[in-house]
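Structural characterization, general
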Amino acid sequence: MKTGRRIAAVATLVGALGLSALNAPTAQAADTGITVSDIVVNNGKPIVVGTSKVAEPTLRFTIALPSGYSTADPSRYDAYPFLYRGGITTAADTGENFIQPGSYTCYETDPKHARCEGNLYIDPHPSQEHVDSNSDATTWKVGVSLKLWKADGGLKTGELETRSQTAQLKRAAKATANASPEPVTKGRSITVTGKLTRANWSTKKYDAYSGRTVSLQFRAKGTDTFKTVKKATTSSTGSLKATVTASVDGSYRWVYYGNSTTGVATSPADYVDVR
């Protein structure tokens, strides 16, 4: 629930030319006195990114201002979290291994404090440097950009701060399923095939994901729950195959539960009529 007066709606999104001079964090080390706390990225869940679709994980944080500054004048300060890899200064200066908010809105809780919410912006397009290598599927650190502005609009001071928090970026995976024959006689065999692929951030394509254990699940007609009936390991081409005995009408799907670098993949369910 949103409470408090809205004091700022900020769009920090930058295009293919990189960081703008206004929005890029400063590498200066002077203490601003601003405190950013209660940072929550993607509700604490891993961030899964594919090969073309922009990912916009949620972002929440709070701001506390120093003496002489008030939430009534949001043009005098700027503070937001971001994700980075490697050195914080290098990431902020170059924009490489650096992920900042796409937009966020702050709500005043009192003259010195604000609660902010918005989203990060991760574009896998080749023109961006957000996820341009499969090595980006790892743990990213959380940093904070803090700035104070003079009354005339000039920068008074700014700093970058590291946080102990981290966020996990993962490569998206996809699964397919096909059950046959359809329809099938009760007691006969059903063969369920499929394929597991994973986003390649270097080529911007989905490649076969071999050697993975994937669960074949079944949901009987008229029920709400899928149950695992078999497991299979993907081949060198990412292919899956399992055989089950037809008993009742229902749907089959493949589910891969992911790992430290790869997200969960669930295939569309394929319905089989048992006669």
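Described below are features of the structure shown in this document.

Definitions and cut-offs
Residues numbered from 1 in each chain as written. Predicted model: local features only at pLDDT ≥ 70, side-chain atom pairs only at ≥ 80, totals over all residues. Heavy atoms only, no water. Helix = DSSP H or I, 4+ residues; strand = E, 2+ residues; numbered from the N terminus. Rg over C-alpha atoms; globule rule 2.2 N^0.38 Å. Contact = heavy atoms within 4.5 Å. Areas by Shrake-Rupley, 256 points an atom, 1.4 Å probe, with all protein chains shown as cover. Lys, Arg positive; Asp, Glu negative; His and termini not counted. Charge placed at Lys NZ, Arg CZ, Asp CG, Glu CD. Disulfide = S-S within 2.5 Å. Salt bridge = Lys/Arg side-chain N within 4 Å of Asp/Glu carboxyl O. Buried < 20%, exposed > 50% of the residue type's maximum accessible area, 1.4 Å probe, protein only. Phe/Tyr/Trp six-rings, centres within 6.5 Å; stacked < 30°, edge-to-face > 60°. Pairing = 2+ DSSP bridges.

**Quick notes on the overall build of the protein chain**
The secondary structure content of the protein chain amounts to one helix and 19 strands. Here the C-alpha atoms of the protein chain give a radius of gyration of 24 Å, more than 25% beyond the 19 Å that 2.2 N^0.38 yields for 275 residues. Projected onto the principal axes, the alpha-carbon positions of the protein chain cover approximately 80 × 40 × 30 Å. Expressed as a percentage of contacts within the protein chain between residues at least 6 apart in sequence, the contacts between residues at least 24 apart total 68%. About 13200 Å² of surface is accessible on the protein chain, with carbon and sulfur atoms providing 49% of the total. One finds the centroid of the 33 positive side-chain charges in the protein chain at a distance of 10 Å from the centroid of its 23 negative side-chain charges.

**A word on the state of the cysteines**
This model, assessed by the stated rule, comprises one disulfide. Note that Cys106 is cross-linked by a disulfide to Cys116, the S-S spacing being 2.1 Å. Since a negative S-S torsion denotes a left-handed disulfide, the Cys106-Cys116 link at about 105 degrees is right-handed. Residue Cys106 is located in strand β7 (residues 101-110), and its partner Cys116 is located in strand β8 (residues 113-120); the two are separated by 10 residues in the primary sequence.

**Side note on the pattern of salt bridges**
Per the stated rule, a full pass over the model turns up four salt bridges. Across the pair Glu117 and Arg115 runs a salt bridge whose closest N-O atoms are separated by 3.0 Å. With a relative accessible area of 23%, Glu117 lands in the partly exposed category. Across the salt bridge formed by Glu161 and Arg163, the nearest N and O atoms sit 2.9 Å from each other. By relative accessible area, Glu161 is classed as partly exposed at 22%.

**Some points on the packing of aromatic side chains**
This model, assessed by the stated rule, comprises six aromatic pairs. Both rings, one in Phe61 and one in Tyr104, keep their centres 5.5 Å apart while their planes meet at 65 degrees; by these two values the pair is edge-to-face. Here Phe61, found in strand β4 (residues 58-64), pairs with Tyr104, found in strand β7; they are 43 residues apart in sequence, far enough to count as distant. Take Phe61 and Tyr104: they sit in the same class, and that class is buried. For the pair Phe82 and Phe98, a centre-to-centre distance of 4.9 Å together with 45 degrees between the ring planes defines the contact as tilted. With Phe82 in strand β5 (residues 77-84) and Phe98 in strand β6 (residues 98-99), this pair connects stretches of sequence that are 16 residues apart. Side by side, Phe82 and Phe98 carry an identical accessibility label, which is buried.

**Quick look at the sheet that holds β5**
On the basis of which strands lie adjacent, the open sheet formed by five strands has the order β3-β10-β9-β5-β6 and mixed pairing. Looking at the sheet topology across the chains shown, the edges are occupied by β3 (47-49) and β6. One ladder, built from eight bridges, connects β5 with strand β9 (residues 139-149); its direction is antiparallel. Counterpart to Leu83 in the pairing with β9 is Val142.

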